[in-house]
Amino acid sequence: MHRFLFTSAAACALITSQSALAQVDIDEIVVYTQKREQLLQDVPIAVTAYNDDQLERLGVQQFDDLADYVPGLEVQEQSPNNPGFVVRGITSDSGAANIEPRISVFQDGISVSRSRGSFVELFDASVEVAKGPQSTLFGRSALIGAINIVQNKPTYEFDAEIRAGYGNYDFQLFEGFVNIPLATDVAAFRGAFRYKKRDGYVENGLGGTDFNGVELAAFRGALRVDPTQNFRADIIFNFQRDNNSGIAFKSGTFIPSGGDIAPWAAADLNTFGGFENDESLGVERDVWGITGLLEWAVSDSVTINSITGYRDFDSLEIFDPDGFALPLFVFGENAEGDQFSQELRINFDNGGPFRGFIGASYFEEDGFQRVPLQFDERVVLGLLGGSLFSDQPGAPQPTPPLSNFENPFLKPVHTEEFTNFGETEAIDIFADVSFQVTERLELIAGARYSTEDKRTGFNAGLINGPSTITGGGLFLGGSVANNFNTVFVEDSFDGFTWRAVANYDVSDDLNVYFNYGRGRRPEVLGVENNAATVGINLEDFEVIEAETVNSYEVGVKSRFMDGALRIDAAGYYYDYTNFQSSVVNDIGVPQTINAGSADSIGAEAFILAEPAHWARLFATYAYNKGRFNDVDDQGNDQVFAGNQFRLSPDHSFSVGGSLIAETPHGVFSLTPTYVYRSKIFFDDNNDFRVNPRNGIEIQPTDFFQDEFQDGYGIADLRLRFDASDDRWSAEFFVENLFDKEYIIDAGNTGDTFGIPTFIAGAPRFFGGYLTVRY
C-alpha cells in the first residue's frame, strides 16, 4: 500500500536496472516517517529509506552493510547476539535486561529494540532510518533515532524470485520469495526466506572451526486479507536462527602459537572444564514473532490503525574473553526475552490545513540476562600475582605453558554466575498535528506521554563453592553469598517527549526546516555489585535518572537542473543530561552510571549528480563531534570529561557511482564505492588510565592507550548484468577490495585485568550471484 523508495544519495546513484535508466524524479520519492504518505521533499526530518531492490543492488544484507550508505549511522556487529547501533554518535548495545535501548528498531511497527533480538536479516523488505529524537513518531526508546523495517506484503499478482550466491571462505547464499493470490483482490500469501553461510576468517590456531563465521536461516510468511474496500488485515510470522562460530577475541598481550599477535592472524581460543555442558565457542540464537496489522478507513478523512505484536528471543553465546590459549577465563551469555505490544492510532486528513494523528499503546516485556563464567584458579593467581607475565602487562610476550602454574591447593575449575532480570509494563499516549499556515509554511507539533512500571531483579552465586583465592567469587564480590536467591525492586516512572517543527517551501525545488525535539531514555533500576556487603540487598539498588536530550536541527532539501543534481543537508546540536554510561567498578564488574552531561554538534549532507544518462555519481558526508562536558549540571568534575563518544567517528563519508552500458540483450553496470571513517574509540573511557583533563582515575589496570581504530577506508566493486526481459540477472562483487586490515572492537572483559582483546574486521570477500525471476 505504501511504496518506500530511497532517499539516500547512495541509493539513487546505484540504481542500475534498465527501468531506472530514466531520470529519477524526486516527486516519486515517497516515505511514511510521519505516519502518512509524503514526498521526501516535504518531510522535515533527516531520513533515509531503501526498498528491497536498492538493498540488493547495494549488497546490503544486514545492518552493518546498511550503515555504509546512511550518513550518521554506524553499526558494530560483534555477533548477531551483540550488535551496537550508533546514530549521530549515540550507541545502543547493552544486553542487560533492565536497561532501555537508546535507538528504536521496528519491524512493521513492532519494537524489536532489545539488543539481543534486534539484529535481523534484511531481505524482501524496505528500511527507513530517521535521525534525531523520534519518540513522538516511533516510541519511547527512540532517544536519538529509529530504524524501521517494512517487510514486503502480499499482492494480488503471482510473483516469485530465486537467488543463489557463492564466494570465497565457502560463502553460500540461497534466498527467494513467492507471492500467491489466494482469492481475487481478497486474500494473498507471500513467503520469503534466506539461508546464508560463510566460514570464519580468523584461523583457529588450536584446530577446529575458524572464528567469525556465519550461518543463519530466516523465514517469513505473510497473509493479507481485504474483505472490504475499507478494511485490510495483514498477519506476518517471522523466524530467524543463527548458529555462528566463536568470535575471535584476540589477545593483544600473549603471542599465539602461530607467532603473530595481530587481530586478523590465527587465534588460540578455547573453552574448558565442561563449561555450559560442553558447549563450543559460538552463538546460538532463535528470534521469532507474529504481527497483526489492521487498517480501517472509517471515512475519507479518518483511518484507524491497529498494530499487535508478540516477539520472543533466546540466545546463548560462549566466548573466550582472555583471548589466548591458557584456561584463564571462559564466559557465556544466555539472554531470553518476550514481549507483547498493542498500538491503536487514529489518523485524520480531510485535505484541509489541519492533519495529524492521536493514539495510545501498551507494551509489556519480560526478560533476563544470565552470565556464567569459569576460571582456572592456578592461572588466575598467576594473573593477579604477576607471574603470568614475562614483560610489562599489555606488552606482547610469549604465552607461558600451563605447567608453570601447577598448584595442588588451587582448583582448575571454578564457576560462578549472575543474572539480571527486567520486567517493564508501559502505557503511552501520543499525538501529532500539522497546520498548513500558508501554501508554503507548515507548522508541526507532537508529544508523547509515557508511564512505566519497572521490576528489576538480580541474583548471583557459586556453582562449585567459593574460590580458594578469594574465599568467594572473583567477579561477583560479596554478592556470591546470595546463593541464587533473586532480590527484586519495583518502581514507577513517567515522562514527556515532544517535537516542534517549522517547514518552509522556498520554491518547488527548495525546502528548509527547523526541528526542535526532546528525547528520553527511561530510568534504570540498577544494582551495584558491592564487595563491601554480603549478598544482594535492597540498598544495593539505585535509580539511574532518565537520560534526556534537547535536539536542535536545521535542514535543507533541494534539487536543481530538473532533478539531475540534488543536495540535501542538515546541521544539529544535541544537549544531553544524565548521560547513561558504564564503568568497571572496584571489583571488576561493569556497572551502569550517570555519566553527567554531554553535547554534540554535527552536520550531514549528500550530493547526487547525473551528468549523463550513462553515469551517476554520489557523495555523502557526516560530521559529529560528541564529547562529555568537563563538569556536570551541579559543577562536579566528570569521570569522562572531554572524552569522545564511543563507536563514533568525527568524520565519515562515502563516494561512488555507476557507469551503465546498454546492449540489445541487457544492461551492464559497474559500481565502485569507497567508505571512510575517522578514528573511533571503543569505550567512553577512551582507554585512558587517568583522565588527562582532571586527573580522575578511570582504569587502574590499563597501561596503554591502544583500544581505538585509526581512520580507514574500504573500497567495494560490483559488476552486474540485467537481462533485457528482466527475467534474470548476474553479478560479481568484491568487498574490501584492497584487503584493508582494521578492528571492529577492542578492550572487552580482558581489559579489566590489563590484557585487552581485539576483534578483526572482515577481510576481502568476493563472489557472485545469479537471480532468476518468474
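Per chain, residue numbering runs from 1 following the sequence as it is written. Local features in this predicted model are restricted to residues of pLDDT 70 or higher, and side-chain atom pairs are both shown and tallied only at a pLDDT of 80 or more, whereas totals for entire chains, interfaces and linings draw on every residue. For side-chain calculations, the full set of non-hydrogen atoms in the structure is used, while hydrogens and water are omitted.

Here we come to the overall build of the chain. Scanning the chain from terminus to terminus reveals 7 helices and 43 strands. On C-alpha atoms alone, the chain measures out to a radius of gyration of 26 Å, which is about the 28 Å that the 2.2 N^0.38 rule sets for 774 residues. In terms of overall dimensions, the chain has C-alpha extents of about 80 × 55 × 50 Å along its principal axes. Buried positions account for 60% of the 774 residues belonging to the chain. The long-range share in the chain, meaning contacts at least 24 apart out of those at least 6 apart in sequence, stands at 71%. Strands are runs of DSSP state E lasting at least two residues, helices are runs of H or I lasting at least four, and both sets are numbered from the N terminus onward. For the radius of gyration, the atoms used are the C-alpha atoms, and the globule rule reads 2.2 Å times the number of residues raised to 0.38. Only protein chains enter the accessibility calculation, which uses a 1.4 Å probe; a residue whose area is less than 20% of its type maximum is buried, one above 50% is exposed, and one in between is partly exposed. Any pair of residues with heavy atoms lying within 4.5 Å of one another is described as a contacting pair.

Stacked, tilted and edge-to-face are the three classes assigned to paired rings of Phe, Tyr and Trp, where Trp is represented by its six-membered ring and a pair needs centres within 6.5 Å; plane angles under 30 degrees give stacked, over 60 edge-to-face, the rest tilted. Using the criterion set out here, one finds 35 aromatic pairs in the structure. Taken together, a centroid distance of 6.1 Å and an interplanar angle of 45° make the contact between phenylalanine 368 and phenylalanine 421 tilted. You can see phenylalanine 368 sitting in strand S21 (residues 354–375) and its partner phenylalanine 421 sitting in strand S23 (residues 414–436), a full 53 residues away along the chain. The class of phenylalanine 368 is partly exposed, set by a relative accessible area of 22%. Aromatic pair phenylalanine 721 and tryptophan 728: ring centres 5.4 Å apart, planes at 50°, arrangement tilted. Residue tryptophan 728 is classed as partly exposed on the basis of its relative accessible area of 37%.

Backbone hydrogen bonds hold the strands of a sheet together, and the pairing may be parallel or antiparallel. Strands were regarded as paired on the criterion that DSSP finds at least two bridges between them. A sheet is described by the order of its strands in space; here 5 strands give the open sequence S3-S9-S10-S7-S8, paired in mixed fashion. This sheet does not close on itself; its edge strands, each paired only once, are strand S3 (47–50) and strand S8 (110–111). Judged from the 4 bridges that link them, S3 and strand S9 (residues 125–131) form a sheet pairing that is antiparallel. Bridge assignment links alanine 49 to a residue of S9, and that residue is glutamate 128.

The next subject is the pattern of salt bridges. Basic side-chain nitrogens of Lys or Arg form a salt bridge, by our definition, when they fall within 4 Å of a carboxyl oxygen of Asp or Glu. Throughout the structure, instances matching the rule amount to 50 salt bridges. Residue lysine 454 is joined to glutamate 100 by a salt bridge in which the shortest nitrogen-to-oxygen separation is 2.5 Å. Of this pair, lysine 454 sits in strand S24 (residues 441–462) while glutamate 100 sits in the loop between strand S6 (90–92) and strand S7 (104–107), and the two are 354 residues apart along the sequence. Exposure class is identical for lysine 454 and glutamate 100. Each is buried. Residue glutamate 121 is joined to lysine 196 by a salt bridge in which the shortest nitrogen-to-oxygen separation is 3.1 Å.

Here the focus is a negative patch on the surface. Residues Asp338, Glu364, Asp366, Glu425 and Asp453 make up a contiguous surface patch of negative charge. Examined against the element boundaries, aspartate 338 turns out to sit in strand S20 (residues 329–349). Every patch collects residues that have over 30% relative accessible area and no salt bridge, joining them within 9 Å if they carry like charges and within 5 Å if they are nonpolar side chains (Val, Leu, Ile, Met, Phe, Trp, Tyr). A 1.4 Å probe and the Shrake-Rupley method give the accessible areas. Residues count as covered only by the protein chains that appear here. Charge assignment in this entry is limited to Lys and Arg as positive and Asp and Glu as negative, and neither His nor the chain termini are counted. To locate a charge, the coordinates of NZ of Lys, CZ of Arg, CG of Asp or CD of Glu are taken.

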